[in-house]
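For reference, the chains in residue letters:
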Amino acid sequence: MNSMIPEELNFLYRVLSAIGPNLKDFVLVGGFASFFYQFHERARSAKIAPLLTYDIDLASEAKVSLRGRKSVHQSLLEMGLREEFTGNCNPPLVKYFPKDKKPNMGVEFLTPLHGSEVKRGKFDITQEIQLGLSAQKLRFLDLLLRHPWKMNTSSVQGLENLPNLVVRTPHPSMFIMQKILISERRADKNRNKDFAYIYQTLVYFREDLKSLADEYEMLIDNREWKKWYRNFMKLSKEIFGTPQRDGPIEGSKILDHVTPEMISALVNRFISFCPKI
């Protein structure tokens, strides 16, 4: 697949810059997180083209304080974005797009889902995290907010000449775990791309697998997260255990010059370092 083009990177930068003082409250998740990983100081160069993404996903806690004089919602509207609403939930699911759809990219906000998606007979899948700003609630998103890394946009190729912004990205271990846990809930297209993101992330940190796996130790003392971790280990083996499983086969269809054998071998090497409970 193609790597990021300047127009898309510039749009991402404009969105992050518009959020301004509130940027510290969000974690850049999804495909852009995996894209940023290649520029981290612990990453190693890879002979794979980073996957292309058209979504800017920003995750936060359930409430985001107002920093400065403008809300995030106001700032995005003032930079020329418009809202598109979907669903019958309250508040509705919302995504922000450029008015002329150039580039054809959207901005979406996410927050952790706790408990059932249905409460008192109604869907409870959105949350107003700041005045005028609603976020979609997602299961396992808590993981992406746990010990995030800080990265400088000045280290990202294509953004190095712009004023630096400090962006938080998920810890790669948590990024991988969350992708595997949500795989059962994802449509095939998104699910298969997630398999490719997992391999891409591990390639960048292939010399640091043991250190990444050790990060899971902190989950074991939490009863609920320990349950998630056990399910993560089980699903990892079911999805990537052999080159004939869905993860390696579908991921290799998305990544150029990558075989199912390569994907299965790297994921299983990472899993071999994970704590046994």
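In what follows, the structure referred to is the one given above.
How each quantity is defined
- Residues numbered from 1 in each chain as written.
- Predicted model: local features only at pLDDT ≥ 70, side-chain atom pairs only at ≥ 80, totals over all residues.
- Heavy atoms only, no water.
- Helix = DSSP H or I, 4+ residues; strand = E, 2+ residues; numbered from the N terminus.
- Buried < 20%, exposed > 50% of the residue type's maximum accessible area, 1.4 Å probe, protein only.
- Contact = heavy atoms within 4.5 Å.
- Areas by Shrake-Rupley, 256 points an atom, 1.4 Å probe, with all protein chains shown as cover.
- Pairing = 2+ DSSP bridges.
- Axes fitted to C-alpha atoms, helices over the stretch in contact; angles between N-to-C directions.
- Parallel < 35°, antiparallel > 145°, perpendicular 65-115°, else oblique.
- Left-handed = near helix turned anticlockwise from the far one by under 90°.
- Nonpolar A, V, L, I, M, F, W, Y, C, P; charged D, E, K, R; others polar.
- Phe/Tyr/Trp six-rings, centres within 6.5 Å; stacked < 30°, edge-to-face > 60°.
- Salt bridge = Lys/Arg side-chain N within 4 Å of Asp/Glu carboxyl O.
- Expected span 1.5 Å × (residues − 1).
- Polar contact = N/O pair within 3.5 Å; in protein donor to acceptor, adjacent residues only side chain to side chain.

Enquirer: I keep staring at the overall build of the protein and nothing clicks. Help me out?
Expert: The helix and strand tally for the protein stands at nine helices and 11 strands. In terms of overall dimensions, the protein has a C-alpha envelope of 50 × 50 × 30 Å along the principal axes. Going through the 277 residues of the protein one by one, you find that 53% of them count as buried. Here the analysis covers contacts within the protein between residues at least 6 apart in sequence; of these, 72% occur between residues at least 24 apart. Accessible surface computed for the protein: about 13,400 Å², of which carbon and sulfur atoms make up 48%.

Enquirer: Sorry, what's going on with the pairing of strand E2 (residues 55-59) here?
Expert: The side chains of a regular strand alternate between the sheet's two faces. Within E2, four of the five residues are buried, leaving the element largely enclosed by the surrounding structure. In the sheet, strand E1 (residues 27-29) pairs with E2 via three bridges, with the strands oriented antiparallel. Across the sheet, Leu28 pairs through a bridge with Leu58, a residue of E2. Examined bridge by bridge, E2 and strand E5 (residues 106-112) share five bridges and lie parallel to one another. Bridge assignment links Asp55 to a residue of E5, and that residue is Gly106.

Enquirer: What's the story with the side chain of His73 in this structure? I'm lost.
Expert: With respect to the helices, strands and loops of the structure, His73 is situated in helix H3 (residues 72-78). Aside from chain neighbours lying at most four places away, what touches His73 is Glu83, Tyr96, Gln130, Leu131, Gly132 and Leu133.

Enquirer: Would you take a moment to explain the packing of helix H5 (residues 188-204) against helix H9 (residues 260-273) for this structure?
Expert: Helix-helix packing: each pair is described by the crossing angle between the helix axes and the interaxial distance. Running from N to C, H5 and H9 cross one another at 65°; their axes reach a closest spacing of 10 Å. The angle between H5 and H9 falls in the class roughly perpendicular. You can see that H5 and H9 cross each other, and the crossing is left-handed. Here Ile198, Tyr199, Leu202 and Val203 of H5 come into contact with H9, specifically with Met262, Ile263, Leu266, Val267 and Phe270. Looking at the contact of H5 with H9, its residues break down into nine nonpolar, no polar and no charged.

Enquirer: Help me understand the packing of aromatic side chains in this model?
Expert: Within a pair of aromatic rings, the relevant descriptors are the distance that separates the centres and the angle that separates the planes. The tally for this structure, following the rule as stated, stands at 15 aromatic pairs. Measuring from centroid to centroid gives 5.7 Å for Tyr37 and Phe205, while their planes differ by 70°, and the two rings are edge-to-face. Here Tyr37 is found in helix H2 (residues 31-37), whereas its partner Phe205 is found in the loop between H5 and helix H6 (209-214), with 168 residues between them in sequence. By the burial criterion, Tyr37 is buried, and Phe205 matches it. Ring centres of Phe140 and Trp228 lie 5.0 Å apart, and the angle between their planes is 85°; on these two criteria the pair is classed as edge-to-face. Of this pair, Phe140 sits in the loop between strand E9 (133-138) and strand E10 (149-152) while Trp228 is found in helix H7 (residues 223-240), placing the two residues 88 residues apart along the sequence. Take Phe140: its relative accessible area is 8%, and that puts it in the buried class. Put simply, the rings of Phe32, Phe35, Phe36 and Phe39 touch in pairs and so form one group of aromatic residues.

Enquirer: Quick question: what am I supposed to make of the pattern of salt bridges here?
Expert: Working definition: two side chains of opposite charge can pair if their charged atoms are close together. Considering all chains together, one arrives at 13 salt bridges under this definition. The salt bridge involving Asp25 is made with Arg67; its shortest N-O contact spans 2.7 Å. Within this pair, whereas Asp25 is found in the loop between helix H1 (6-19) and E1, its partner Arg67 is found in the loop between E2 and H3, the two being separated by 42 residues in sequence. On the accessibility criterion, Asp25 (16% relative accessible area) is buried. Between Lys101 and Glu84 there is a salt bridge, with its nearest N and O atoms 3.5 Å apart. With Lys101 in the loop between strand E4 (93-98) and E5 and Glu84 in strand E3 (residues 81-86), this pair connects stretches of sequence that are 17 residues apart. One salt-bridge network, held together by shared partners, links Arg82, Glu84 and Lys101.

Enquirer: How should the environment of Gln157 be read in this particular structure?
Expert: Mapping Gln157 onto the fold places it in the loop between E10 and strand E11 (166-169). For the pair Gln157 and Phe36, spaced 121 residues apart in sequence, the C-alpha separation works out to 9.5 Å. Among all residues touching Gln157, those that are not within four sequence positions of it are Leu9 and Phe39.

Enquirer: Please clarify how H7 should be interpreted in this entry.
Expert: Each α-helix winds once per 3.6 residues, and so residues spaced three or four apart point in a common direction. Over its 18 residues, H7 runs 26 Å from end to end, which matches the ideal 26 Å to within 8%, given 1.5 Å per residue. For H7, the capping residue at the N-terminal end is Asn222, with a side-chain oxygen 3.0 Å from the backbone nitrogen of Glu224.

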